[in-house]
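# Architecture and fold: a report
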Amino acid sequence: MKSSIVLYDIDSTIPNLALMKISAYYKKQGFRIILSRDIEHIKADRYYASAVFSIAPSHEKVAVLKDMYHNNIDIGGSGICLNKRLPPEIETCFPDYKLYNHTAYALGFLTRGCNKRCTFCLVPKKEGKVKRTDSFENFVPKGQRNVMLLDDNLLTYP
């Protein structure tokens, strides 16, 4: 029987880039991937969850997942922890757009960070100063003409 991994998308309104990279990484290793936007128990070998927003409904869903899986789930995202990062071997994976059956546009970052220090914004604390981090060929499928850049402040990059 093929090992399986459940990926919980806590609150994304667009495909979750981190979950697409986790999916790509583990699919290469032969795992069966299950995506769930519902917080329900699913039997699998490993569990990951991502919360983009630090809002009450997201925290409530995370609490339910922690109660359900205890220490057997890896939960990340800006809504949970600003210091947690994907390991380099996962971060560098080409996103698995099939996870969401998504073909409308590619999404990714060319830069990360921001040089401004707006009081309401978590980006400088999470990402530091603006820096180039990627290129289109690392996240745009061949033939895709539409791209959504998730850059925090692309125009501050020299």
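Residues numbered from 1 in each chain as written. Predicted model: local features only at pLDDT ≥ 70, side-chain atom pairs only at ≥ 80, totals over all residues. Heavy atoms only, no water.

Of all five residues making up strand 3 (residues 46–50), four are buried, and the element is well covered by its neighbours. Strand direction decides the pairing type here: strand 1 (residues 4–9) and strand 3, joined by five bridges, are parallel. The residue bridging I5 from the neighbouring strand is R46, located in strand 3. Sheet analysis places strand 3 next to strand 4 (residues 73–76), joined by four bridges and oriented parallel. Within strand 4, the position partnered with A49 by the bridge is I75. For the handedness criterion, the β-α-β arrangement of strand 3, helix 2 (residues 56–69) and strand 4 is classed as right-handed. (Buried < 20%, exposed > 50% of the residue type's maximum accessible area, 1.4 Å probe, protein only. Helix = DSSP H or I, 4+ residues; strand = E, 2+ residues; numbered from the N terminus. Pairing = 2+ DSSP bridges. Right-handed = clockwise from strand over helix to strand, strands pointing away.)

What follows concerns helix 1 (residues 17–28). Taking 1.5 Å as the rise per residue, helix 1 with twelve residues should run 16 Å; its terminal C-alpha atoms sit 17 Å apart, in good agreement. By the burial criterion, the buried members of helix 1 are L17, L19, M20, K21, I22, S23, A24 and Y26. Of the surrounding elements, those touching the buried residues of helix 1 are strand 1, strand 2 (32–36), strand 3, helix 3 (88–91) and strand 5 (106–108). Once helix 1 finishes, G30 follows within two positions and takes phi at roughly 95 degrees, a positive value. (Expected span 1.5 Å × (residues − 1). Contact = heavy atoms within 4.5 Å.)

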